[in-house]
Amino acid sequence: MNEKKIKIAIIPAASCGGCDVSLANLNEKLLELTNFVDIVFWPTVADFKIEDLENLESIDIALFIGSIRLKEHEEKLKLAREKAKILVAYGACACFGGIFSLGNLFDPEELLEHVYLSNELITTDNTEKEIPGQKYEINGLDLSITPLTDHARPLNDFARVDIYAPGCPPREIVLDMLIKVISDYIQTRQIPEIPLVLAKDTPLCNSCPRIKPEKISIDRFRRIGREPIQQDLCFLAQGVICLGPITRDGCGLPCIKANMPCRGCFGPTSDVIDPGGKFASAFAPLFKLDQEKTLSDEELIKIVEEIDDPIGYAYRFTLGISLLKRIMREIKEGRTE
Amino acid sequence: MADGESKWEPLIVAFLCKWCASAGADLAGVSRLEYPPNITSITVPCSGRVDPQLILLAFVNGADGVLIGGCHTPADCHYVAGNFKALKRFALIRKMLKQYGINPERVRLEWISATEAQKFVEVARDFTEKIRKLGPLRRREK
Ligand code: SF4
Ligand code: SF4
Ligand code: SF4
Ligand code: FES
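Since this is a predicted model, take the numbers as computed values, not measurements.

## Quick word on the side chain of Thr73 of chain B
No. 1: Relative to the helices and strands, Thr73 of chain B resides in the loop between β3 (65-70) and α4 (82-100).
No. 2: Within the local environment of Thr73 of chain B, its side chain forms a polar contact with the side chain of Asp297 of chain A, the two groups lying 2.9 Å apart.
No. 3: Among residues more than four places away in sequence, those in contact with Thr73 of chain B are Asp297 of chain A together with Asn83, Phe84 and Trp111 of chain B.

This is the structure:
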């Protein structure tokens, strides 16, 4: 056994705190690890400054939480990649942009205006009409807040990621695998040769116990919370959007068991090029499947269009990895012929 | 107008099913009917094989518009119901593009039979002109 402890840094960027809590929830497992591990940076739980990270010559493992939404996050990630032997994208935000990337539906200016200047949010009290990103000085001290970047992006837009730990936040099964990876590293000091995803590459449906009819024909789109949902029948067969068919298995089905459809926090299986495109491909054909020949084109279109907020369903956690974002980037940066 | 802009020509990718729309386009060719060179066609076995992911990929790779051509509903699809799949996917991907701020009119679906060379030519002309009016693909357009 190595007498030297390994160094782990836990680095949050655009995150909600849920991922930090999931790590703190490890309790004894975390304590067991502390014989072999030094947590050298975790600003969520103790008073660490970015300089503490800068001053370290190297770290072994960086658990990076959250998506990249500020210039400052980009710099943190750069630092993490430089210092760490293994970079872990911890949580759906770090892996795919996460729920924050739904903000990519709007331009940064629109977001800032809505949050800081409009009167629509009762929690906003901003009489000075200050918005982040503007220069802000008090007594000659520069207190400017770092500007929003154009999109909320996943880590691998900027840096090589060695391990993806998906979930919002990652579930216990994922944490157990992560601990296994860390223990292996403590023993062998080996870095994964190819990126590891701590989830299966088969769809969640494969392990879902709900009754799946041979053929599903959705008569109309239904929302949860609006009408009763059966406990034992596949959600899709009930007209409720469930992302099981395009989501990686490995969470242990907490939502399905709680009579909630899957919203896809484990991210898409590797055959998916774009979660939304795949969503349209897989789900739209199910509508009125058994009445196609008797309905007009217009009637069929109307029924499919009843799906409210399709982007919110299809890309709940993944707008940050969508082709839509790439389309916009190509446009902005100008296409090369 | 800037120099680069005046030279811009719409680029349209057309996914045409082998049995109807693509055959219709071929007929237009042998009949020497003229249609704009802006259309790049890709023959697919059936419109039901046009995964919306391909539509997005076409946009990523520079298309300003995407045309899907299939066999007439209800009964003409060679594979029975591929055209219905195409129709319903088309409805959903258009709604999603709109929500993202991309004009849904940039995706068009048409049923064109193997004999409808004239219809293919009219659709090609009309769509090219519509895309020309919309200009290069961009976000937040009406
Ligand atoms: S993955 Fe979920 S729990 Fe983790 S930071 Fe993002 S929103 Fe919060
Ligand atoms: S779609 Fe959802 S409810 Fe149906 S089998 Fe898949 S995971 Fe289960
Ligand atoms: S069921 Fe879906 S949304 Fe729920 S934890 Fe599993 S992957 Fe995430
Ligand atoms: S074969 Fe033409 S649409 Fe199916």
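## Regarding the site of ligand 2
No. 1: Close to ligand 2 lie Cys205, Cys208, Arg210, Lys212, Cys234, Phe235, Leu236, Cys242, Gly244, Pro245 and Ile256 of chain A, which account for all nearby residues.
No. 2: Considered class by class, the residues forming the shell around ligand 2 number 8 nonpolar, 1 polar and 2 charged.

## A look at the interface of chain A and chain B
No. 1: Taken residue by residue, the interface counts 47 residues in chain A and 34 residues in chain B.
No. 2: Of the roughly 3400 Å² buried at the junction of chain A and chain B (both faces included), carbon and sulfur atoms supply 65%.
No. 3: Inspection of the region where chain A meets chain B yields 1 salt bridge.
No. 4: A salt bridge links Glu292 of chain A to Lys88 of chain B; the nearest nitrogen and oxygen atoms lie 2.8 Å apart.

## Focus: the sheet that holds strand β1 (residues 6-12) of chain A
Residues and elements named next belong to chain A.
No. 1: The sheet built from 6 strands is open, its strands ordered β2-β1-β3-β5-β9-β10 with parallel pairing. On the outer flanks of this sheet lie β2 (37-41) and β10 (196-197), each paired with one strand and no other.
No. 2: Those strands touched by helix α4 (residues 71-83) are β1, β3 (59-65) and β5 (84-90), and its axis lies near 135° from that of β5.
No. 3: In the packing of helix α7 (residues 172-188) onto the sheet, the strands contacted are β1, β2, β3, β5, β9 (163-165) and β10, and the crossing angle to β5 comes to about 180°.

## Concerning the nonpolar core
No. 1: Ranked by internal contacts, the top residues of the largest apolar core, which has 123 residues, are Phe279 and Leu324 of chain A.
No. 2: A domain-level breakdown of this core finds at least three residues from each of domain 1 (6-100 + 152-197) and domain 3 (204-332) of chain A.
No. 3: Judged by nonpolar contacts, the second largest core, of 17 residues, contains Ala21, Ala28, Ala117 and Phe127 of chain B.

## Comments concerning the site of ligand 1
No. 1: Lining the immediate surroundings of ligand 1 are Ser15, Cys16, Gly18, Cys19, Gly91, Ala92, Cys93, Ile99, Gly167, Cys168 and Pro169 of chain A.
No. 2: Of the residues assigned to the shell around ligand 1, the class counts are 7 nonpolar, 4 polar and no charged.

Reading the values: rules and limits
- Residues numbered from 1 in each chain as written.
- Chains lettered and ligands numbered in written order.
- Predicted model: local features only at pLDDT ≥ 70, side-chain atom pairs only at ≥ 80, totals over all residues.
- Heavy atoms only, no water.
- Helix = DSSP H or I, 4+ residues; strand = E, 2+ residues; numbered from the N terminus.
- Polar contact = N/O pair within 3.5 Å; in protein donor to acceptor, adjacent residues only side chain to side chain.
- Contact = heavy atoms within 4.5 Å.
- Near = heavy atom within 4 Å.
- Nonpolar A, V, L, I, M, F, W, Y, C, P; charged D, E, K, R; others polar.
- Buried area = accessible area lost by both parts, 1.4 Å probe.
- Salt bridge = Lys/Arg side-chain N within 4 Å of Asp/Glu carboxyl O.
- Pairing = 2+ DSSP bridges.
- Axes fitted to C-alpha atoms, helices over the stretch in contact; angles between N-to-C directions.
- Core = buried A, V, L, I, M, F, W, Y, C linked by side-chain atoms within 4.5 Å.
- Buried < 20%, exposed > 50% of the residue type's maximum accessible area, 1.4 Å probe, protein only.
- Domains from an automatic or database assignment.

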